[in-house]
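So the chains spell out like this:
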Amino acid sequence: MIRILIADDIAENRYMLETLLKGNGYEVVAACNGSEALELARKTPPDLIVTDILMPVMDGFALCREWKADELLKQIPFVFYTATYTEPKDEEFALSLGAERFIVKPKKPEEIVELLHEILDDVHAGRLIPGEPSHKKEKDFLQDYNATLLRKLERKMGQLERSNEALKQEIVERKRIESELLYRNTILATQQEATLDGILIVGGEGRILSFNKRFLEMWGLPSDIITEKSDARMLQSALDKVADPGSFFDKVKYLYEHKDQTSRDVIELKDHRTFDRYSAPIIGDQGQYYGRVWYFRDITEQKKLEEQLRQAQKMEAIGALAGGVAHDFNNILSAIMGYACLLQMKTRPDDAVGDYIDQILAGTKRGAGLTKSLLAFGRKQPMALRPVNINDLIRGFQKMIGRLIGEDIEFTVACAEDSLIVESDAGQLEQVLMNLMTNARDAMPSGGKLTISTSTFTARTDQDEIEQGSYALIAVSDTGSGMDKETQEHIFEPFFTTKEVGKGTGLGLAMAYGIVKDHRGFIRVYSEPDKGTTFKIYLPLTSRPLPVSPKEDEMLLPAGSETILLVEDNANVRLVTGDLLREFGYTVLEAVDGEDAVRVFEENGDRVQLVLCDLVMPKKSGKEAVEEIRKKRPEMKAIFTSGYTAEIIARKGMLEDDINFLSKPVSMIDLIRKVREVLDS
Ligand SMILES: Nc1ncnc2c1ncn2[C@@H]1O[C@H](COP(=O)(O)OP(=O)(O)OP(=O)(O)O)[C@@H](O)[C@H]1O
Ligand SMILES: [Mg+2]
């Protein structure tokens, strides 16, 4: 086999040529400089040598000079195969050293093979006369040699400088990209941490690529899972925590199988937290799949608030309905009550009819109680808010509780030391507490403990279920039967009761709810079956001082002879009230609405000493009518009645402290007393 020796200092060049020649059936030996080549050739002389010029230790020219001076080698064809920086002088010098050929790159590979083949053919056929070094003097040779090498080196230096410059540029560019990447990574890392969402990124082959602290917090994952970075184990740990592992697993599996899909799911956990989960694939610009990102958001609090809002809206709607019905019903009751009263007055004491009338009155009274609760719940009951010390109210109340709750129940009152002053309608608040007590008693048929305590409470938005602010907190606790969640959801609805027919109407808490709302307060329940129940009422504290309390009136019904203008749009109520007033000696002028009132006043104005007026009427409201009358007679006295004024009070601030107001259904006794009181004032 023909053996070719290659000398080149650049490994890639050697490799290329070696492969090419071997591919063409030659045996190839390679050296990385002149002296190595010489050594190899002397050991086993090749059939041809192909060499580069610039090489360390011994360059191509020096090698050629040694080669042609060596008796053993000088017959073997010597071929220079050199790259750039070549000019005619180089070739001239090479040939003067006795080289057979001087081939300049770049040549197509097959051309080189062809050329070498030719040379070898020529040798074989005796056509190639081996080159003879021209016998220059040593000094001339060295001069030529130096000059040639210098030229080549200068060119090579130039080339190196250029590539050096290019490299410098590249380094600058790389550094720029590097710092740009660093900057972006910092932004991404910060973005990943500065969020309330838990983030997990899983690679295409199911390994965890990254996650944030919040993610670990939310899922409470053990640290070995994190160091191990195995998605499978993490999934197992998550499955232990979710309420429905089956569907959780199916969905995750589905998403890993359907690489293009995004999804949004709500996940319930065993510990009653709720997560919103969003998942999307990570897709490269060429459409390649890199994995999947998972976002988790804890929406437990949000869901709770939504539920509360829904509940409040439901109550609002039921309240509007109940209040509306109760209002109409109230007018009917007023008429019945009024006529029953009149009947009673006209009946002789020994008449048996008197008993029936008492029954009617007792019935209407119960009816009035019911509508009152409904109106309170629907917040359509007029309220007279005055500063009240909650502690005084509860202490005063304590006395009558004993009788109400019976001896089996241990009753404790624990009031805060400071006074807790809130704007309250004391009578209504008493009703609320009364109902809570009654409920507690009913929940402890075989005894237990009942505690009322008061304290101040400061609510902060982020922690508490009520609006920010300072409150008086009244807590009513019992050790009774308690309630399950389902019951608790309904207790504030009107007519919801678990008591037997006749025992409860289910209006107690509905009314309490409405009254507390009207105090701009909150009522909350905490209960567990068989453990007991605590109701908490929060009422906003006020800085207004307590008023001086007025004296109780005597039990005598006073009559009179003045003229009263009665304004009432409901015919029944108007009739019965008119009759009642006349019964007590008054002269009554009637008007059917606000406008009519102004007209009647204009006709008979001089005689009128008091206007008894419904607040809400078509055309002109009671207040407007009285204002108009007072333009003519500023000192005109007035009493307002209404069963429908909660909103008006709230919106127009109509119920000032000094206004004379009676809420419907008006008790006859209250009316007669009030009329006298106002006329005398
Ligand atoms: N302290 C409590 N312990 C256990 N269950 C209670 C308690 N308070 C209220 N409940 C439940 O709430 C329901 C509604 O109470 P609410 O006061 O509104 O109506 P009621 O007491 O049934 O009837 P009413 O108060 O109109 O006489 C009760 O029937 C009972 O099931
Ligand atoms: Mg009750």
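Residues numbered from 1 in each chain as written. Chains lettered and ligands numbered in written order. Predicted model: local features only at pLDDT ≥ 70, side-chain atom pairs only at ≥ 80, totals over all residues. Heavy atoms only, no water.

The next thing to look at is the sheet that holds strand β2 (residues 27-31). With parallel pairing, 5 strands are arranged side by side in an open sheet as β2-β1-β3-β4-β5. In this open sheet, the two strands that pair with only one neighbour each are β2 and β5 (101-104). In this sheet, adjacent strand axes meet at a mean angle of 20 degrees when their direction is disregarded. Of the strand pairs in this sheet, strand β1 (residues 3-7) and β2 are connected by 5 bridges, and their pairing is parallel. Note that in β2 the partner of R3 across the bridge is E27. Each of β1, β3 (48-51) and β4 (78-82) is contacted by helix α3 (residues 60-69), which is oriented at about 175 degrees to β4, the strand it contacts most. (Pairing = 2+ DSSP bridges. Helix = DSSP H or I, 4+ residues; strand = E, 2+ residues; numbered from the N terminus. Axes fitted to C-alpha atoms, helices over the stretch in contact; angles between N-to-C directions. Contact = heavy atoms within 4.5 Å.)

By secondary structure assignment, the location of R273 is in the loop between β8 (263-268) and β9 (274-283). Judged by its relative accessible area of 22%, R273 is partly exposed. Residues R273 and M218, 55 residues apart in the sequence, show an inter-C-alpha distance of 9.7 Å. The contact partners of R273, leaving out residues within four places of it in the chain, are M218, I267, E268, D298 and T300. Within the structure, R273 has its side chain in polar contact with the backbone oxygen of M218 (distance 3.0 Å). (Buried < 20%, exposed > 50% of the residue type's maximum accessible area, 1.4 Å probe, protein only. Polar contact = N/O pair within 3.5 Å; in protein donor to acceptor, adjacent residues only side chain to side chain.)

Here we take up the sheet that holds strand β10 (residues 289-298). Read across the open sheet, the 5 strands follow the order β7-β6-β10-β9-β8; overall the sheet is antiparallel. The two strands at the open ends of the sheet, each matched to only one other strand, are β7 (208-211) and β8. This sheet shows a mean twist of 20 degrees between the axes of neighbouring strands, independent of strand direction. Here β9 pairs with β10 via 9 bridges, running antiparallel. Note on β10: the bridge partner recorded for I282 is G291.

To continue, consider the confidence of the model for the protein chain. In this model, the protein chain carries an average pLDDT of 86, and 94% of its residues clear a pLDDT of 70 or more. Mean pLDDT values for the elements of the protein chain range from 48 in helix α20 (residues 646-652) up to 96 in strand β17 (residues 532-540). Every residue in residues 550-555 is under pLDDT 50, and counting partners more than four places away or in other chains gives 4 contacts. (pLDDT = per-residue confidence, 0-100.)

Further remarks concern the packing of helix α11 (residues 300-346) against helix α17 (residues 571-583). For the pair α11 and α17, interaxial distance at closest approach is 8 Å and the crossing angle is 30 degrees. As summarised for this structure, α11 and α17 are arranged roughly parallel, according to the angle between their axes. For the pair α11 and α17, the sense of crossing is left-handed. Along its contact with α11, which presents N331, S334, A335, G338, Y339, L342, M345 and K346, the element α17 presents N572, V573, L575, V576, D579, L580 and E583. (Parallel < 35°, antiparallel > 145°, perpendicular 65-115°, else oblique. Left-handed = near helix turned anticlockwise from the far one by under 90°.)

I390 and F535 are the most contacted members of the largest nonpolar core, which totals 46 residues. The element that contributes the greatest number of residues to this core is helix α16 (residues 508-518), accounting for 7 residues. Each of domain 3 (319-377) and domain 4 (386-540) contributes no fewer than three residues to this core. Contacts of I390, omitting those with residues within four sequence positions, involve L420, V422, L429, T454, A472, I474 and L539. The next biggest cluster of nonpolar side chains, apart from the first, holds 29 residues, and it includes A31, I49, M58 and A62. (Core = buried A, V, L, I, M, F, W, Y, C linked by side-chain atoms within 4.5 Å. Domains from an automatic or database assignment.)

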